[in-house]
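The residues making up each chain are set out below.
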Amino acid sequence: MRTAIIFSALASIAFAAIPFLNEPDTGFNADVSPTGQLPALDSIKGIPDFEAVARRHMNVSDYSYYRTGAAGEFAYRRSLEIFDQVKLRPRTLVDVTNISLNTTIFGHEFSAPFFIAPAARAGLTHPRAELNLAEAAGAGNILYAPSLGSTKRIEEIAAVAAPGQVMFHQLYVSRNKTKFASDVKRIEAAGFKGIFVTVDNPIHGARTRESRYGWPSTTDSDPKFTWESYQELRNMTSLPVIPKGIQSVEDALLAVKCGAPGIYLSNHGARQLDTSQSPLEIAIEIYENAPEVFKETFVFADGGVRYGTDVLKLLALGVKAVGLGRPFMYSNLFGRQGVEHLIDILKEEIALDAANLGVAELKQLDTRWLNFGRLSAYVYKLDRS
Ligand SMILES: Cc1cc2nc3c(=O)[nH]c(=O)nc-3n(C[C@H](O)[C@H](O)[C@H](O)COP(=O)(O)O)c2cc1C
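Each value, and the rule that gives it
- Residue indices begin from 1 for each chain and proceed along its sequence in written order.
- In keeping with the model being predicted, local features are shown solely for residues with a pLDDT of at least 70 and side-chain atom pairs are shown and tallied solely at 80 or more, while totals for entire chains, interfaces and linings include all residues.
- In computing side-chain values, all of the structure's heavy atoms are included and hydrogens and water are not.
- UniProt positions are given in the numbering used here, feature names are shortened, and annotations may be inferred rather than shown by experiment.
- Numbering of helices and strands runs from the N terminus, with a helix taken as a DSSP run of H or I at least four residues long and a strand as a DSSP run of E at least two residues long.
- In this analysis the probe radius is 1.4 Å and the grid spacing 1 Å, with only protein atoms considered; a cavity is a set of points the probe fits into but cannot get out of, a pocket is an open set with protein on both sides within 12 Å along at least five of seven lines, and lining residues have an atom within 4 Å of a point.
- Grid points are joined across faces, edges and corners, and a volume is the space filled by probe spheres set on the points.
- Amino acids are sorted into nonpolar (Ala, Val, Leu, Ile, Met, Phe, Trp, Tyr, Cys and Pro), charged (Asp, Glu, Lys and Arg) and polar (every other residue, Gly among them).
- By the convention used here, residues are in contact when the closest approach between their heavy atoms is within 4.5 Å.
- What qualifies as a polar contact is a pair of N or O atoms within 3.5 Å, subject to a donor-acceptor requirement within protein and to the restriction that residues adjacent in sequence count only when both atoms come from side chains.
- Only a single heavy atom is needed: when it lies within 4 Å of a molecule or strand, its residue is near that molecule or strand.
- The method behind every accessible area is Shrake-Rupley, applied with a 1.4 Å probe, and residues are considered shielded solely by the protein chains displayed.
- Should more than half of a molecule's atoms lie within 2 Å of a pocket's or cavity's grid points, that molecule is taken to sit in it.
- Three exposure classes are used, based on accessible area relative to the maximum for each residue type with a 1.4 Å probe and protein chains only: buried under 20%, partly exposed in between, and exposed over 50%.
- Only strands that DSSP links by at least two bridges are regarded as paired with each other.
- Looking down the strands as they point away from the viewer, one classifies a crossover as right-handed if the path from the first strand across the helix to the second runs clockwise.
- A pair is scored as a salt bridge if a Lys or Arg side-chain nitrogen falls within 4 Å of a carboxyl oxygen belonging to Asp or Glu.

Right, let's get into the UniProt feature "domain: FMN hydroxy acid dehydrogenase" (unreviewed entry) in the chain. The UniProt entry lists residues 39–375 under the feature "domain: FMN hydroxy acid dehydrogenase" (unreviewed entry), expressed in the numbering used here. For the annotated span residues 39–375, helix accounts for 41% and strand for 12% of the residues, and the straight-line distance between the end C-alpha atoms is 39 Å.

Here it is, written out as structure tokens:
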């Protein structure tokens, strides 16, 4: 009896110690089995469960590379917390029997408004690395954009595409101009249909957690890359080139002025600049100051998305497709099935959440479904006079 009481006291202390943001307490037990086996995949019911498994199963160096944010990780924590500060305003007595998640991105049809964001080194969780992500994206008909820092080669990833599957590719602008030109050519030749050029990484971030294990950067980014160079890059390829890492209304407007076919709101998973705004805040900043941006160009966004409601909030602000980075990397611990399971969980959550929100069709979503008054108070005000 006494032992049971002591055990239960210890257990509650252990639960109290669970980091709330990454791993909210929804009753999941991610403990490592005595044989070190992963829990059954069907015991994973929510996206944060994958992180709980990863923290216990990956070695600390590899996990730290995926999990790291910049410096004190204030921006990382905020990217997760901020979603709760935007409240949903459900409408009732709406017929929600036929909600479709179908989404068109640059003329290509996908089954959902979310995608697998580019993240380097998928080989840390599974020997098939990005191949699992590409195949799962093909099976689930969602967009995947592999990173230029992938474990597998550009051509290897392209080779596992399902018939008709559309993938984009991420690009870092290398200082080595021969390599840069060759990267662009290889992406196009391999059949990718769009390029996310990363613009929030002129230099590696000050990543305290990652630096404890000596991870080198996967890129030799050219710090001289400017909006003029962006135009030159567009002339090097027939693919749409979308700047990834737009973090202010000014840059969103500049991109529109340059004729960018799309923009990608992101702070690189808060891995570059600590205390930078979360993508949800960036979307609100653009909405408040220049709402026309969401009509004039196609807006992607990522950062801290872990729930169906997170996706719906970004869509309501005008974002058209929402990315997830870390969760997909963690899900690859289970191989392709893990990635497919994550896709299924998120599709189901979005459909259930949209129905409970009283949205008959995702395209109806707009800011009337949101209350973000708490955040409006400190939104940056652009002087457009
Ligand atoms: C392990 C890891 C590697 C990443 N590698 C890249 C990369 O090579 N290129 C890039 O543009 N973004 C990279 N990112 C940023 C993601 O594309 C994305 O912006 C970010 O992960 C979104 O935040 P989330 O992890 O909270 O979903 C990486 C992110 C992670 C977690």
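The subject of this paragraph is empty space enclosed by the protein. Going through the model one piece at a time under the given rule, you end up with 4 cavities of 30 Å³ or more. If you add up the space inside the largest cavity, you get close to 410 Å³. Along the walls of the largest cavity sit 32 residues, with Pro118, Ala119, Ala120, His268 and Arg271 positioned nearest its centre. Contributions of two or more residues to the lining of the largest cavity are made by helix 3 (60–67), strand 11 (321–324) and helix 14 (326–331). When its residues are assigned to classes, the lining of the largest cavity shows 11 nonpolar, 14 polar and 7 charged. Taken as a whole, the second largest cavity holds about 50 Å³ of empty space. Lining the second largest cavity we find Gln277, Glu281, Ile284, Glu285, Leu375, Tyr378, Val379 and Tyr380. Here the residues of the lining of the second largest cavity are counted per class, giving 5 nonpolar, 1 polar and 2 charged.

Before going further, it helps to spend a moment on the environment of Arg336. If you trace the backbone, Arg336 turns up in helix 15 (residues 336–357). For the pair Arg336 and Leu133, spaced 203 residues apart in sequence, the C-alpha to C-alpha distance is 6.5 Å. Non-local contacts of Arg336, meaning those with residues more than four positions away in its chain, are made with Asn132, Glu135, Ala136 and Ala139. In terms of polar contacts, Arg336 uses its side chain to reach the side chain of Glu340, at 2.6 Å.

The subject of this paragraph is the site of the ligand. Around the ligand, the surrounding shell holds 22 residues, and the nearest of these are Pro118, Ser147, Thr198, Asp302 and Gly325. Within the complex, 99% of the 600 Å² of free accessible area of the ligand lies under protein. In this structure the site holding the ligand corresponds to the largest cavity. Its residues assigned to classes, the shell around the ligand shows 8 nonpolar, 9 polar and 5 charged.

In this approach a probe as big as a water molecule rolls over the atoms, and the regions it shows empty are the leftover space. By volume, the largest pocket amounts to about 520 Å³. In terms of lining residues, the largest pocket is bounded by 22 residues, among which Leu315, Val319, Lys320, Lys363 and Leu365 are the most central. Those elements that provide at least two residues to the lining of the largest pocket are strand 2 (103–105), helix 12 (293–296) and helix 13 (308–317). It is helix 13 that provides the largest number of residues to the lining of the largest pocket, a total of 3 residues. Grouping the amino acids of the lining of the largest pocket by side-chain chemistry returns 12 nonpolar, 6 polar and 4 charged.

With that settled, consider the pairing of strand 7 (residues 195–198). In strand 7, alternate side chains face the same way, and those of Ile195 and Val197 on one face and Phe196 and Thr198 on the other are all buried. Pairing of strand 6 (residues 169–171) with strand 7, which is carried by 3 bridges, proceeds in the parallel orientation. By the bridge assignment for strand 7, His169 is matched with Ile195. Considered for its hand, the β-α-β crossover made up of strand 6, helix 7 (residues 177–189) and strand 7 is right-handed. Bridge count between strand 7 and strand 8 (residues 241–246): 4 bridges; the pairing is parallel. The residue bridging Phe196 from the neighbouring strand is Ile242, located in strand 8.

This paragraph deals with the pattern of salt bridges. What the rule picks out here adds up to 18 salt bridges. As a salt-bridge pair, Glu135 and Arg336 come within 3.8 Å of each other at their nearest N and O atoms. Of this pair, Glu135 sits in helix 5 (residues 129–140) while Arg336 sits in helix 15, and the two are 201 residues apart along the sequence. Overall, the relative accessible area of 17% leaves Glu135 in the buried class. Note that Arg368 is salt-bridged to Asp366, the shortest N-O span being 2.8 Å.

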